[in-house]
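# Reading the structure
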Amino acid sequence: MLSSLSFGDTGKMKEYHYTGAVEHRFSPYAFNGGTVLAVAGEDFAIVASDTRLSEGYSIHCRDSPKCYKLTDTTVIGCSGFHGDCLTLTKIIDARLKMYKHSNNKMMTSGAIAAMLSTILYGRRFFPYYVYNIIGGLDEEGKGAVYSFDPVGSYQRDTYKAGGSASAMLQPLLDNQIGFKNMEGVQHVPLTKEKAVQLVKDVFVSAAERDVYTGDALRICLITKEGMDEQTIPLRRD
Amino acid sequence: MASRFENCKRNGEASKVVCSLPSARKTGTTICGVVFKGGVVLGADTRATKGIVVADKNCSKIHYISPKIYCCGAVTAADTEMTTQLISSNLELHALSSERRPKVVTANRMLQQMLFSYQGYIDPALVLGGVDCNGPHLYTICLHGSSDKLPYVTMGSGSLAAMAVFEDRYKPDMEEEEAKQLVRDAIAAGITNDLGSGRNVDLCVITEDKPHNEVNQRSVRYGQVPAYL
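Residues numbered from 1 in each chain as written. Chains lettered and ligands numbered in written order. Predicted model: local features only at pLDDT ≥ 70, side-chain atom pairs only at ≥ 80, totals over all residues. Heavy atoms only, no water.

So, on to the overall build of chain B. If you tally the helices and strands in chain B, you get six helices and 11 strands. Within chain B, the fraction of its 229 residues that count as buried is 48%. Carbon and sulfur atoms form 53% of the exposed surface of chain B, whose accessible area is close to 11300 Å². (Helix = DSSP H or I, 4+ residues; strand = E, 2+ residues; numbered from the N terminus. Buried < 20%, exposed > 50% of the residue type's maximum accessible area, 1.4 Å probe, protein only. Areas by Shrake-Rupley, 256 points an atom, 1.4 Å probe, with all protein chains shown as cover.)

Below, the structure written as structure tokens:
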């Protein structure tokens, strides 16, 4: 079928032949979607993620959570390219075991964060396409959230959203947890119950507007008693 | 009306210098249509996306062409709206001057000729259906101006999911309720399995005897709220 694309500038048909090198593009990365969220409270931390794995306009899996338990007090949320998420979590698990065997104690959240930063920067020139957020309790029992970029830059936060709907969720968290951009409001510290409800509401909003977020929400609540997991259904369209 | 392409070369040059042209809002979409005994059922989802963000959760993709002819549009939202509005007004003038009710084949021919004259630069994917003096008809029209007349069609990013349902359950000469259920299920397959489609199913049932204002009523809930909500 003739289309305007096969005509050159002068109006004559373009020659179509295969002499010379033809460049084929292969991309080692894919974007599998998903959103991750972490909130640190006075004596608890929450890491939540949706469970949809997608590619392009299709859904690969509706039940693939992005929170991975590292220790009793630390959970990591990884979103981005699923292949790199799996490999990265395997590497972190192996390094945790090595540390436990040589130092006879479990790694703390801060130590895991520092180690992850060096692992990610080690691949500076062929990065892991993963957006990481670590949530857990620090040595004093207070909630801690560490957020990363794909090459290892990290900082400690009170709350952070990452992944495909992060740009929609972060302003909402800034307002509701950080009390930013509001006047004359009392800064009430966040309770566990209120934080869990906020995380649920925030993910329901994200599922409405972001096509890559949906299906179900996995919430991991970390307290000194241990880790509690819940799954809540989200929109499936 | 001759098409003018001077701006295409300018846009090509500009896109090399400046980042890129502003992107049109695309609708992702699942649209479909089926012919049954005595009429046509058209269906569409209601999600409009801009990239990966949902721009409109409840937009209307079934456009009026004439009292017994409606058209669903996918891909670029502005293109489908403008194209169908133009053909609708031209068809009304044509019907007045010929003193006859418009035929679906006339709307199809007008759409084909307009899209071909724009050589693919206008990008709607259309499912045109209606009833005229020769019975029910269903056409699908693509961006370059090609058209197919078929008993059941699907278009849009969710067309494969919807077509899977049609290929499984379509029968010729179905009753109206059966056809409505089939179209509803096809669009629902697109909504759950395609990320570009979502939210509600809009149905438009066109038969010879239904009065015009009953044909495509929005916000009239029919059937149960789906399980995924």
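Okay, back to it.
Within a sheet, adjacent strands bond to each other through the backbone by hydrogen bonds, running parallel or antiparallel. Residue and element names in this part refer to chain B. One open sheet holds the five strands; their spatial order is β5-β6-β7-β8-β9, and the pairing between them is antiparallel. Here the strands that pair on one side only, and so sit at the sheet edges, are β5 (62–66) and β9 (147–149). Along the sheet, successive strands turn relative to each other by an average axial angle of 20 degrees, direction set aside. For strand β8 (residues 135–141) and β9, the ladder comprises three bridges, and the chain directions are antiparallel. The residue of β9 that forms the bridge with Tyr139 is Lys149. The strands that helix α3 (residues 104–117) touches are β5, β6 (69–75), β7 (124–132), β8 and β9; relative to β7, the one it contacts most, it runs at about 160 degrees. (Pairing = 2+ DSSP bridges. Axes fitted to C-alpha atoms, helices over the stretch in contact; angles between N-to-C directions. Contact = heavy atoms within 4.5 Å.)

What follows is about the interface of chain A and chain B. The partner chain B presents 25 residues to the 22 residues of chain A that form the contact. Across the interface of chain A and chain B, roughly 2000 Å² is buried in total on both sides, 53% from carbon and sulfur atoms. Where chain A meets chain B, there are three salt bridges. Between Asp237 of chain A and Arg47 of chain B there is a salt bridge; the shortest N-O distance is 3.2 Å. On inspection of chain A and its partner chain B, the count reaches 10 residue pairs in polar contact (both at pLDDT 80 or more). (Buried area = accessible area lost by both parts, 1.4 Å probe. Salt bridge = Lys/Arg side-chain N within 4 Å of Asp/Glu carboxyl O. Polar contact = N/O pair within 3.5 Å; in protein donor to acceptor, adjacent residues only side chain to side chain.)

Once that is clear, we can look at the packing of aromatic side chains. Residues and elements named next belong to chain A. This structure, assessed with the given rule, holds 11 aromatic pairs over all chains. Taken together, a centroid distance of 5.9 Å and an interplanar angle of 65 degrees make the contact between Tyr29 and Phe126 edge-to-face. Taken together, the residues span a long stretch of sequence, with Tyr29 in the segment before β1 (35–40) and Phe126 in the loop between α2 (109–122) and β7 (130–137) at a distance of 97 residues. Taking relative accessible area as the criterion, Tyr29 reaches 27% and is therefore assigned partly exposed. (Phe/Tyr/Trp six-rings, centres within 6.5 Å; stacked < 30°, edge-to-face > 60°.)

Residue and element names in this part refer to chain A. In this structure, Ile46, Val199 and Ile219 are the most contacted members of the largest nonpolar core, which totals 25 residues. Where this core is concerned, the elements lending two or more residues are β1, β2 (45–50), β10 (159–163), α3 (166–176), α4 (192–209) and β11 (216–223). When residues in this core are grouped by element, the largest group, eight residues, is from α4. Setting aside residues no more than four positions away along its own chain, Ile219 makes contact with Ile46, Val47, Ala48, Val196, Val199, Lys200, Asp228, Glu229, Gln230 and Ile232. (Core = buried A, V, L, I, M, F, W, Y, C linked by side-chain atoms within 4.5 Å.)

Residue and element names in this part refer to chain B. One open sheet accounts for four strands, arranged β10-β1-β2-β11; its pairing is antiparallel. Pairing within the sheet leaves two strands with one partner each, and these edge strands are β10 (152–155) and β11 (201–207). The average angle at which neighbouring strand axes cross in this sheet is 10 degrees, direction not considered. Bridge count between strand β1 (residues 31–36) and strand β2 (residues 39–45): six bridges; the pairing is antiparallel. By the bridge assignment, Phe36 is partnered in β2 with Gly39. The strands touched by helix α4 (residues 159–169) are β1 and β10; relative to β10, the strand with the most contacts, the crossing angle is about 160 degrees.

What follows concerns the environment of Ala206 of chain A. Residue and element names in this part refer to chain A. Examined against the element boundaries, Ala206 turns out to sit in helix α4. With 171 residues separating them along the chain, Ala206 and Thr35 place their C-alpha atoms 8.7 Å apart. Apart from the residues lying within four places of it in its own chain, the contact partners of Ala206 are Ala165, Leu169 and Thr213.

Turning our eyes to something else, we now look at the packing of α3 of chain A against α4 of chain A. Two quantities define a packed helix pair, namely the angle between the helix axes and the distance between the axes. All names here are of chain A. Remark: α3 packs on α4, axes separated minimally by 10 Å, with the N-to-C direction vectors making an angle of 150 degrees. When the axes of α3 and α4 are compared, the pair comes out roughly antiparallel. As for how α3 packs across α4, the hand of that crossing is right-handed. Counting all contacts with α3, which are made through Met168, Leu169, Leu172, Leu173 and Gln176, the residues of α4 involved are Leu198, Val202, Ala206 and Arg209. Here the residues of the contact of α3 with α4 are counted per class, giving seven nonpolar, one polar and one charged. (Parallel < 35°, antiparallel > 145°, perpendicular 65-115°, else oblique. Left-handed = near helix turned anticlockwise from the far one by under 90°. Nonpolar A, V, L, I, M, F, W, Y, C, P; charged D, E, K, R; others polar.)

On to the confidence of the model for chain B. All names here are of chain B. On average, residues of chain B carry a pLDDT of 86, and 85% of them reach 70 or more. In the model of chain B, helix α6 (residues 212–215) stands out as the element of lowest mean pLDDT, 63, in contrast to β1, which has the highest, 96. Complex prediction metrics read pTM 0.80 and ipTM 0.74. (pLDDT = per-residue confidence, 0-100.)

With that out of the way, let us pick up the pattern of salt bridges. Pairing of side chains with opposite charge becomes possible as their charged atoms draw close. Counted under the stated rule, the structure contains 21 salt bridges over all chains. Across the pair Glu229 of chain A and Arg218 of chain A runs a salt bridge, and its minimum N-O distance is 3.2 Å. Of this pair, Glu229 of chain A sits in strand β12 (residues 226–233) while Arg218 of chain A sits in strand β11, and the two are 11 residues apart along the sequence. The partly exposed category is assigned to Glu229 of chain A, whose relative accessible area is 44%. According to the relative accessible area criterion, Arg218 of chain A is buried, its value standing at 19%. Between Arg235 of chain A and Asp237 of chain A there is a salt bridge whose closest N-O contact spans 2.7 Å. A single burial state applies to Arg235 of chain A and to Asp237 of chain A, both of which are buried. Linked by salt bridges that have partners in common, Glu208, Arg235 and Asp237 of chain A together with Arg47, Lys57 and Arg199 of chain B make up one network.

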